[in-house]
Structures are given as C-alpha cells and as structure tokens.
Amino acid sequence: MVVLGAPDADSAELYAETVVNGDPSWAGPLAGVALGLPVCHIMEPEVKALIDPAVYKQHLELMEVALDVERIAEGLGRVRQAKN
Amino acid sequence: MTSCATDRSALPVVKGVAYFLAHVPGMVRHGSKPSREIEKDPSLLPQVVGHLWRFDQAVAYPPNQVFIGNLDPDDLLKKIPPPWFQYAVPHASRWGSFGEIMPEDEFYGIMKICDQFGLLSLEEGFAQGVADKLKTHPLITAEDLARVAKGIPLEQIKAKLANAETIPVYVQGTELVGCVERPQGGGAEDDPNLLPEFLIENLASRASGVMALRHLIKSTGRAEDIDYLLGCGEEAVGDRYNRGGGNMAKAIGELSGCVRATGSDVKAFCCAPVHALVLAASLVTSRIFGNVVVAAGGSFAKLGMKFQGHLRRNMPILEDVLAGAAIWIAPDDGQSPVIRLDSIGKHEISSGSSQQAIMEKLVVEPLDRLGLKLTQVDKYATEMHNPELTEPQGSGNVPRTNYRTIGSFAVLRNEIKREELDHFVEVHGMPGFSPTQGHIASAIPVLGHAVKKMRDGAMANTMFLAKGSLFLGRVTQLSDGISFLLEKNKGVKS
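Going along each chain's sequence as written, the residues are numbered from 1 onward. As they are written, the chains are lettered A onward and the ligands numbered 1 onward, keeping that order. Where local features are concerned, this predicted model is filtered to residues with pLDDT of at least 70; where side-chain atom pairs are given and counted, the filter is 80 or more; whole-chain, interface and lining totals use all residues. Only heavy atoms go into the side-chain values, all of them from the structure, while hydrogens and water stay out.

Across its full length, chain A carries five helices and two strands. When the helices and strands of chain A are read in sequence order from the N terminus, they spell out β-α-β-α-α-α-α. Atoms counted for the radius of gyration: C-alpha only. Globule rule: 2.2 Å times residue count to the power 0.38. For chain A, the C-alpha radius of gyration of 13 Å lies close to 12 Å, the compact-globule estimate for 84 residues. A principal-axis box enclosing the C-alpha atoms of chain A has dimensions of 40 × 20 × 20 Å. Only protein chains enter the area calculation, which uses a 1.4 Å probe; residues under 20% of their type maximum are buried, those over 50% are exposed, and those in between are partly exposed. Here chain A holds 84 residues, and the buried ones make up 39% of them. We call two residues contacting when some pair of their heavy atoms lies within 4.5 Å. Of the contacts formed within chain A by residues at least 6 apart in sequence, a portion of 54% connects residues at least 24 apart. Only the protein chains shown count as cover for residues, and the accessible areas themselves come from Shrake-Rupley with a 1.4 Å probe. With the model as given, the accessible surface of chain A reaches about 4,500 Å², and the carbon-plus-sulfur share is 58%. Charged side chains in chain A number 6 positive and 13 negative. The centres of these two groups are separated by 3 Å. Secondary structure elements are defined from DSSP: runs of H or I of at least 4 residues count as helices, runs of E of at least 2 residues count as strands, and each element is numbered from the N terminus. The charge count includes Lys and Arg as positive and Asp and Glu as negative, but it does not include His or the ends of the chains. Charge coordinates come from a single atom per side chain, which is NZ of Lys, CZ of Arg, CG of Asp or CD of Glu.

Next up on the list: the side chain of B:T390. Residues and elements named next belong to chain B. Residue position: T390 is located in helix α15 (residues 387-390). For T390, a relative accessible area of 3% corresponds to the buried category. If near-sequence neighbours (up to four positions away) are discounted, T390 is found in contact with K306, H385, S395, G396 and T436.

It is worth spelling out the interface of chain B and chain A at this point. Counting residues at the interface gives 20 residues for chain B, matched by 19 residues for chain A. When two parts are put together, the accessible area they lose, computed with a 1.4 Å probe and summed over both, is reported as buried area. Carbon and sulfur atoms supply 55% of the area that chain B and chain A bury against each other, a total of about 1,500 Å² over both sides. Salt bridges are defined by distance alone: a side-chain nitrogen of Lys or Arg within 4 Å of a carboxyl oxygen of Asp or Glu. Our count for the contact surface shared by chain B and chain A stands at zero salt bridges. The term polar contact refers here to a pair of N or O atoms within 3.5 Å; inside protein, the definition further demands a hydrogen-donor-capable atom paired with an acceptor-capable atom, and it admits residues adjacent in sequence only when both atoms are side-chain atoms. Run the count over chain B and chain A and you get eight residue pairs in polar contact (both at pLDDT 80 or more). Of all the elements in the fold, those that place two or more residues in the side of chain B that touches chain A are α1 (32-40), α13 (307-312), α14 (355-370) and α16 (398-412) of chain B.

With that out of the way, let us pick up helix α12 (residues 272-285) of chain B. Residue and element names in this part refer to chain B. Look at α12: 20 Å from first C-alpha to last across 14 residues, which is about the 20 Å you get at 1.5 Å a residue. Counting buried positions over the 14 residues of α12 gives 12, a clear majority of the element. All of the buried residues in α12 are A272, P273, V274, H275, A276, L277, V278, A280, A281, L283, V284 and T285. Count one or two residues on from α12 and you reach R287, which has phi positive near 65°. To estimate how far a helix should reach, multiply one less than its number of residues by 1.5 Å.

The next subject is helix α17 (residues 421-428) of chain B. Residues and elements named next belong to chain B. Taken as a whole, α17 has its buried residues at L421, F424, V425 and H428. The buried residues of α17 occupy an angular sector of 100° when projected down its axis, which confines them to one face. The outward face of α17, more than 90 degrees from its buried face, is lined by the exposed residues D422 and H423. To obtain the arc, one takes the directions from the helix axis to the C-beta atoms.

The next thing to look at is the packing of aromatic side chains. Residues and elements named next belong to chain B. Ring pairs are drawn from Phe, Tyr and Trp, using the six-membered ring of Trp, whenever the two centres fall within 6.5 Å, and their geometry is named by plane angle: stacked under 30 degrees, edge-to-face over 60, tilted for the rest. One pass over the structure, following the stated rule, counts eight aromatic pairs over all chains. Taking 5.3 Å as the distance between ring centres and 70° as the angle between the ring planes, the aromatic pair formed by W53 and Y61 counts as edge-to-face. Neither W53 nor Y61 differs from the other in exposure class; each is buried. When the NZ atom of lysine or the CZ atom of arginine is within 6 Å of a ring's centre and also within 35 degrees of its normal, the charge is said to sit over that ring. Of note, R29 hangs over the ring of Y170, and the distance from its end group to the ring centre comes to 3.7 Å.

A few words now on a nonpolar patch on the surface. Residue and element names in this part refer to chain B. In this analysis, a patch consists of residues with relative accessible area above 30% that form no salt bridge, clustered at 9 Å for like charges and at 5 Å for the nonpolar side chains Val, Leu, Ile, Met, Phe, Trp and Tyr. A contiguous nonpolar patch, built from F269, F471 and L472 and spanning about 260 Å² of accessible area, is present on the exposed surface. When you line up the elements, F471 lands in the loop between β12 (461-468) and β13 (480-487). You can call F471 partly exposed: its relative accessible area is 34%.

This part is about the side chain of A:H41. Residues and elements named next belong to chain A. Here H41 is to be found in strand β2 (residues 39-41). The class of H41 is buried, set by a relative accessible area of 1%. What H41 contacts, discounting residues up to four positions off in sequence, is V3, L4, G5, A6, A12, V47, I72 and L76.

The next subject is the packing of helix α6 (residues 104-113) of chain B against helix α10 (residues 196-220) of chain B. Residues and elements named next belong to chain B. Here an angle of 0 to 180 degrees is reported between the N-to-C directions of two axes, which are lines fitted to C-alpha atoms, with helices fitted over the stretch in contact. Close contact between α6 and α10 brings their axes to 9 Å; oriented N to C, the two are set at 100°. Looking at the two axes, α6 sits roughly perpendicular to α10. Where α6 approaches α10, its residues F107, I110 and M111 are matched on the opposing element by I200, L203, A204, A207, S208 and M211. For this classification, under 35 degrees means roughly parallel, over 145 means roughly antiparallel, 65 to 115 means roughly perpendicular, and everything else is oblique.

What follows concerns the pattern of salt bridges. Under the definition given, this model contains 39 salt bridges over all chains. Here the residues in one salt-bridge network are B:R94, B:E100, B:D105, B:E106 and B:K133, joined through shared partners.

Residues and elements named next belong to chain B. The strand order across the open sheet formed by three strands is β3-β5-β4, and the pairing between neighbours is antiparallel. Every other strand in the sheet has two partners, leaving β3 (120-122) and β4 (167-171) as the edge strands with one partner each. Neighbour-to-neighbour, the strand axes of this sheet turn through a mean angle of 35°, independent of strand direction. The sheet strands contacting α10 are β3, β4 and β5 (175-180), and the helix crosses β4 at an angle near 45°. A pair of strands counts as paired when DSSP detects no fewer than two bridges linking them.

Before going further, it helps to spend a moment on unusual backbone geometry. Residue and element names in this part refer to chain B. Note the cis peptide between P82 and P83, where omega equals 0°. Of note in this structure, F269 is not a glycine but carries a positive phi near 50°. By the element assignment, F269 lies in the loop between β7 (262-265) and α12. Here F269 falls in the partly exposed class, since its relative accessible area comes to 36%. The phi dihedral of A443 falls on the positive side, at around 75°, and the residue is not glycine. Here A443 shows up in the loop between α17 and α18 (445-455).

This is the structure:
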C-alpha cells in the first residue's frame, strides 16, 4: 500500500498513476513499470480514521484545512477505478 | 535588540535590492537533470534544443518582467491569465527597476570576466563580438572588456573538447562558441572537486552574483562603503581538502569595487538568503558593520530541472535562466523599510518537520509575540516558484500551497471563516513568479516589490519566510526555516 501526502489534486493523481501504471511523465525509474500497487492519500477519510486523533491533530489537521481533500480523493478514485 | 527600540539609528533597514537574470538556453543541456537524461538517451537532445526560447521571448515572459520590477506580482493574478508563456508583454525591456535580463552571449562575457584561472575559453570572433556588445553596457568597465576580448580559434576549442573532461559552451542551443576545462597543475588534474562540471557552476554563480551586486551598487550606494558581504548561494567552491569551502561573497565583491569589504558565505540550502538577511541586520544593529550586503548568484544545476514535464506538455523549457540577487542592509535612514529583529521566527532542532510545525514556528509564534493577527500582515513572501514551471512535472503550485497553509492557521484561530480561505490567499499572497533557482526563489524575489511599495506608502508590512530541506544532503533528517517581518519605516532619521 502506498500512502501519498501530495498537496494538490494534480500531483496526487500523477503519483498515484506512477505507482499503479508507471510514471506517466516518463521522468523516473518507474517509467513503463506498472507496479499495480494499492494507493491512497493520507487525508482520505478511510485513512484518517485509522490514525490516532491526537497525532492527526498535531501533524495533519492544519493541512486538511489547507488542501482540497475532495478533489485529491476524486483523482485517486479515478486511478483506482481504472486499475480495477 | 532592546537598545534599538530606543535608538533609531541602529535599526536595520533594507536600503536597496537588485536582481539579475541571465537567459542561458545554451546551458540548459548542462543542467543536472537534462545532462543525466541526455546521457541515457541522446535522442532527447534535439527535443531539448527544439524547445528553447529566444532572448526576446524570455524578456517578454511576464514572470521575468515581474522579477526585474517592470510588472507587479499581482499583475499575474489580475491582468495576465495563464498560461503566461503564451503571453508576450508588449514592448518588454531587458532593463527593469531592480536590474536586468541579459542574453547568453553577453553573460558568457561576464563569466569570462570572472574567470581568473583560464577555465573558460571563447572562440575569438565570438569573444570580440561580445566585447563590442558589452561596450555599451552601463556596468561594464574597460578593464572588464580587456578580459573578454581575447579569444582563441575554433579549432583550438575543438581540440580541447577531444578531452572528455572538457565541457562545450553553446549559443542558440547548438552553435559552439567555447569550452570549460579542468585546470592543470598543483594537483588540480586529479581533484574530483575541480571538474569542469563544478567549475562552470561556480563561474556562472559568481558572474550572476557580480551582476546583481553591480546593479545594487548603481541603484543604492558606493561600493567602497560596503563593509561586509554575506554570500548565500547554492554553489560549493572548494578543492579536495575543503569541499564547499566557499567565500563566494568575497569573490563577488572583488569584481564589484567593494575594496573595503570582507565577507563569508551562509549555507542553509534554500533558506540561506533569509538567514543571511537576519545576520546582516544583526551586524548593522550591533554596529559591528555599517553597511552589509547579502548576495547570491544563480544555481546552474537547476537549469532545465523539470524539462521532461515541459516537453510532455509541448511547452518551452522555461527553466532557462540563472538568477542573482543582492540586498543592501544599512542603519536607519528614516525612509527604507525596517527589518524587525524582534520578529524573527526560527525552526528549532526540536520543532519537527511537518508543514504544520514549520509554519507554526515561522509565522504563528512570531506574530503572537508581536501581538499581531495573521490578517494584519499585508503580504507573505514564501517560496515564490513560478507554478508554470513546477506543475507540469507534478510539483504543484508551491506558493499557493504555502498561502493556503498560512490561511488555514487563520481558520483554526477563528480569524477568518473556512470559506474565506481563497480570499485570504488572494489578498495576503501572490502568484509565484520566480525561476526555480532554489535559494533565489525563497521569499527574496518579493523584497524589491515590498521595499518599493513601503517607500511609496502603499504597504505597511510583509513577512518573509523561507524553508530548507537539509535532509537532501544525507547528513541530517532535519528541515529548516527562518522568518522576519519587514515594516514600513515610521520615523525620521534620528
């Protein structure tokens, strides 16, 4: 399982694509390498529910306000759906 | 610090700011990322060359015009819709209120002026042509021109290039005009720290730093009044026994007429310039030195760093400039903006490395200390990377993320509502306009604009914050960061 922390929807989707289907930018060692790994973002509700609330508050609460978590989750959802 | 509250003459002010861009498309192929990728796949080279810009295109590029002071950062938000690379600023000039954008042929001439060890050879006709062009440059002296004019025949350059340790120098992407070679003698011939790959970095850094400093001196004061120079670039000058030994600061001052100055370099990855500004302000406040200049040249290694994303989107390779900056810190003159030394925020060793922890230390704690709300800071200057350069390679919009992070503190502290976050970012932030030159992009591109607006009475304050990724050097896992508040000068010189 790959847990992403990318701060915006576009880069989160790009990284998700990279660890599922291979680097779409053909820029790194995963170019053309489809690992097919399960992937999520640390701020998706299902992942957040697994984290100690005190730890989440200390490290992630602020960024949850800052980031567009809904769009990030949508992008990752697309990648996961295409994989399945 | 306490005494300066009652002694205005000891307040440190930003007396002047200058920036310099060298448009060097011919060097993009030598950037760290392009050179590694081209070596693996030589068929990339024609694609790289085919996506390079001409000088007039680089001059008319809106973010570059913001960088040298001909446009305001907010013009990119309110007047020029993205993609900015498809918009050419009408009647754009290479000269700006903060400095200039220089074409690559002239910049090779500046590198030659900086070359005291015969590392860079230029073809004789090219060298003479550059010297002729530089004759009209207001910051170039007769002594400089004598160093540029003497070139060598093209055949000699080609012969030198037969040695694998020599780097070719091109203009217009493919026209060979020179080379940089490894020095000989004194053990240099087998010192891995004196490879041309590093020496060309150092030459380019020095040359862009020299031009920034010369612009600063022209706009701000006399070179001989500068007491101390603080370098804050990303180069690592040194030999096998002193890797990264440095003093680029003094090398830059040597060629800028700073005959009374000494200096040293501050190393702290991307946040070195803000560290250096805090140190400079402290030296002035303590009266150890009267006039301190912070200076840095550009990062050669970062040329074309995200070129693959640019190629994929079939856009020009926009990481084609080297950037320099120079900032003059002096005692209070009653007009120039003040660096508040009671506002310093610092990321401490024990602070932790999450964005939340870093921003709390750099923004929230200092403002709490000053009794200010986040919304009482007019603008925040953070990493000002141009998103048009970073987004195609998946690095996101760095300044926007930073502004949303700062705004999120305002949400959590009930200064603004969640739905006002976008408005906070628009009012207290600005679009990224800096080339991805690491230390140069880190807050300081805003300084010139902030100083201008505070002098004009159009702005009360700006917070400058910079972060550094110390872990990249594989020595420590730590992050870093430092910040200060710049304030409009409220008084008359005592």
